[in-house]
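# Overview (structure and organization)
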Amino acid sequence: MKAGAQAPDHGRLVPFRFLRIADSARDRLADLLEASSRELHPDIAAPEIERAREKAYQGPEILALIGRIDAEHPKITASDQWLAVGCA
């Protein structure tokens, strides 16, 4: 995370944030992953839903990367900001 926070960033906008998902929040994350899967694919099969839910329990820690893009910035294009998010 420390290395990601040093990603190249034109204009020093820092268009990214890291969020640590607490162990106590993994059940809620699993619910959100299931809801998202059902919304994107209304006819999704039960095994696929279970695979989506399992992602909330993989690995010893879960970090979320959040992109915050200022599409109206006068100098730094949205694509440059997305590149900074990707580098992070």
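See the structure above.
So, a few notes on the structure that sits alongside this text. What you see is a predicted model, and the numbers here were worked out from it, not measured in a lab.

The subject of this paragraph is the overall build of the chain. Helix and strand content of the chain: three helices and two strands. In the chain, the order of α-helices and β-strands from amino to carboxyl end is β-α-α-β-α. Scaling as 2.2 N^0.38, a compact globule of 88 residues should have a C-alpha radius of gyration of about 12 Å, whereas the chain reaches 16 Å, well beyond that. Summarising its shape, the C-alpha atoms of the chain cover approximately 45 × 30 × 15 Å along the three principal directions. Considering the chain as a whole, with its 88 residues, one finds that 24% of them fall into the buried category. When contacts within the chain are restricted to residue pairs at least 6 apart in sequence, long-range pairs at least 24 apart make up 64% of them. As displayed, the chain offers around 6,500 Å² of accessible surface, 56% of which is attributable to carbon and sulfur atoms. Each charge class in the chain can be summarised by its mean position, and for the 12 positive and 14 negative side chains these summaries are 7 Å apart.

Moving on to the packing of helix α1 (residues 26-40) against helix α2 (residues 46-54). Where α1 meets α2, the closest approach of the two axes is 8 Å, and the angle between their N-to-C directions is 140°. With respect to their mutual orientation, α1 and α2 come out oblique. By crossing handedness, the relation of α1 to α2 is classed as right-handed. Taken together, the residues of α2 that come into contact with α1 (itself represented by Asp27, Ala30, Asp31, Leu33, Glu34, Ser37 and Arg38) are Ile49, Ala52 and Arg53.

Turning next to the side chain of Gln81. By the secondary structure assignment, Gln81 is in helix α3 (residues 78-87). Classification of Gln81 by relative accessible area gives buried; the value is 2%. In terms of polar contacts, Gln81 uses its side chain to reach the backbone amide nitrogen of Asp70, at 2.8 Å. In contact with Gln81, not counting residues within four places along its chain, are Leu13, Pro15, Arg68, Ile69, Asp70, His73 and Ile76.

Here we take up α2. Residues of α2 that are buried include every one of Ile49, Ala52 and Arg53, and no others. The arc enclosing the buried residues of α2, seen along the axis, measures out at 100°, which places them on a common side. For α2, the elements touching its buried residues are α1.

To continue, consider the nonpolar core. One finds Ile21, Leu29, Ala30, Ala56 and Ile62 forming the largest nonpolar core, which totals five residues. Discounting chain neighbours no more than four positions away, the residues touching Leu29 are Ile21, Ala56 and Ile62.

On to unusual backbone geometry. Of note in the backbone geometry, Arg12 takes a positive phi value of approximately 50° without being a glycine. Within the secondary structure, Arg12 sits in the segment before β1 (16-21). Even without a glycine there, the phi angle at Val14 is positive, about 50°. Locating Val14 in the fold gives a position in the segment before β1. Given the relative accessible area of 34%, Val14 is considered partly exposed.

Scoring rules and cut-offs
Every residue gets a number counted from 1 within its own chain, in the order that chain's sequence is written. Whole-chain, interface and lining totals are the exception, using all residues; otherwise, since this is a predicted model, local features are given only for residues with pLDDT of at least 70 and side-chain atom pairs are given and counted only at 80 or more. Values reported for side chains reflect all heavy atoms of the structure, with hydrogen atoms and water molecules removed beforehand. Put simply, DSSP marks the helices as runs of H or I at least four residues long and the strands as runs of E at least two long, and each gets a number from the N terminus on. Radius of gyration here uses only the C-alpha atoms, and the compact-globule reference equals 2.2 Å multiplied by the residue count raised to the power 0.38. To sort residues, take the accessible area from a 1.4 Å probe on protein chains only and compare it with the maximum for the residue type: under 20% means buried, over 50% means exposed, and anything in between is partly exposed. In this analysis, two residues are considered to be in contact whenever any of their non-hydrogen atoms come within 4.5 Å of each other. Here, Shrake-Rupley sampling with a 1.4 Å probe gives the accessible areas, and only protein chains in the shown set may cover a residue. For this count, His and the chain ends are skipped, Lys and Arg are scored as positive, and Asp and Glu as negative. Charge positions are represented by NZ for Lys, CZ for Arg, CG for Asp and CD for Glu. Note on geometry: axes are C-alpha line fits, over the in-contact stretch for helices, and angles between N-to-C directions span 0 to 180 degrees. Angle categories: roughly parallel below 35 degrees, roughly antiparallel above 145, roughly perpendicular from 65 to 115, and oblique for all the rest. Working rule for handedness: look at the near helix, and if it is turned counterclockwise from the far one by less than a right angle, call the crossing left-handed; if clockwise, right-handed. Between N or O atoms, a polar contact is any pair within 3.5 Å; within protein, one atom must be a potential hydrogen donor and the other a potential acceptor, and residues adjacent in sequence are included only when both atoms are from side chains. By construction, the arc corresponds to the directions joining the helix axis to the C-beta atoms. As used here, the term nonpolar core means buried Ala, Val, Leu, Ile, Met, Phe, Trp, Tyr and Cys residues forming a set that is joined through side-chain atoms within 4.5 Å.

In short, geometric facts, not functional conclusions.
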